[in-house]
Amino acid sequence: MNRIVLLGDSITAGMTNGYPSPIFSHKLASFLPEVEFINRGVPGDITRLAKLRLQADVLEVYPDLVVVFFGTNDVADPQTDLEDYRSNLEEICRTVGLEKCLLITPGLVGPSQEASRPTPKMAAFAKATLELGQDLDIPTLNWQAIMEKHIPASLLQADEIHYNERAYDLLVANLVPLLKTKLAQVKPKIIH
């Protein structure tokens, strides 16, 4: 059985009504029942801090693939500029193994979050994620572009930052084809 780690922040953790939930993992598992999903989403996390938990949260569970989904909190973090974000993402991917990674760009937030997560800055972080994926030959889901085709309020909870069920359905529908392609490239494990 293949194992996929979902590495990210509260959006990865499936934050619903203020609490982490299995929504993201369960929706992915409904499309890929032969895969074990390990959710390592941590509310409030940023790339700088995620680097510190890679050994325990990712490497020690020996994943076949790792979905790396950050940016929304990095944008709001005063200690993380665009260069730091890209550098942190690259370090995460190189530590995990480039061949095992799949990136997701940050998405969008609602108007009440604009002061801490301005749309132009969110776009710049999404672009940096896409460019890094291209430079390192890592498949990257342009989640921001997908969200832009919808009214943000239709995809967000009342806090205008976390996703509702419709957003997770959309995210999973777009992520699963990339995962299937990537899983087809995974070399079978040799068990002694």
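Residues numbered from 1 in each chain as written. Predicted model: local features only at pLDDT ≥ 70, side-chain atom pairs only at ≥ 80, totals over all residues. Heavy atoms only, no water.

## Examining helix α5 (residues 82–96)
Spelled out, the test is: Secondary structure counts use DSSP, requiring at least four H or I residues in a row for a helix and at least two E residues in a row for a strand, with both numbered from the N terminus. Expected span of a helix, by definition, is 1.5 Å for each gap between consecutive residues, and there is one gap fewer than residues. Definition of a polar contact: a pair of N or O atoms within 3.5 Å, with one able to donate and the other able to accept a hydrogen when the atoms are protein atoms, and with sequence-neighbouring residues admitted only if both atoms are side-chain atoms.
Relative to the 21 Å expected for 15 residues at 1.5 Å per residue, α5 spans 21 Å between its end C-alpha atoms, a close match to the ideal helical length. Of the residues flanking the start of α5, the one acting as N-cap is Asp 81, its side-chain oxygen 3.1 Å from the backbone nitrogen of Glu 83. Count one or two residues on from α5 and you reach Gly 97, which has phi positive near 115 degrees.

## Re the layout of surface pockets
To keep it simple, the criterion reads: Using protein atoms alone on a 1 Å grid, points that fit a 1.4 Å probe yet trap it form a cavity, whereas open point sets bounded by protein on both sides within 12 Å along at least five of seven lines form a pocket; residues with an atom within 4 Å of a point count as lining. Grid points are joined across faces, edges and corners, and a volume is the space filled by probe spheres set on the points. Each residue is assigned to one class: nonpolar for Ala, Val, Leu, Ile, Met, Phe, Trp, Tyr, Cys and Pro, charged for Asp, Glu, Lys and Arg, and polar for all the others, Gly among them.
What the largest pocket holds in volume is close to 230 Å³. Surrounding the largest pocket, Pro 63, Asp 64, Leu 65, Glu 99, Lys 100, Lys 182, Gln 185, Val 186 and Lys 187 form its lining. In terms of residue class, the lining of the largest pocket is made up of three nonpolar, one polar and five charged.

## Things to note about the packing of helix α1 (residues 23–31) against helix α8 (residues 165–184)
Defined as follows: Comment: axis = line fitted to C-alpha atoms, over the contacting stretch for helices; angle = value between 0 and 180 degrees taken between N-to-C directions. Orientation labels follow simple angle bins: below 35 degrees gives roughly parallel, above 145 gives roughly antiparallel, 65 to 115 gives roughly perpendicular, and whatever is left gives oblique. Two helices crossing with the near one rotated counterclockwise from the far one by less than a right angle form a left-handed crossing, whereas a clockwise rotation gives a right-handed crossing. When checking whether two residues touch, look at their non-hydrogen atoms; a contact exists if any pair is within 4.5 Å.
Relative orientation of the contacting elements α1 and α8 amounts to 45 degrees, with a least axis distance of 9 Å. Here α1 is positioned oblique relative to α8, judged by the angle of their axes. Where α1 crosses over α8, the handedness of that crossing is right-handed. Taken together, the residues of α8 that come into contact with α1 (itself represented by Ile 23, Phe 24, Lys 27, Leu 28 and Phe 31) are Glu 165, Tyr 168, Asp 169, Leu 171, Val 172, Leu 175, Val 176, Leu 179 and Lys 180. In terms of residue class, the contact of α1 with α8 is made up of ten nonpolar, no polar and four charged.

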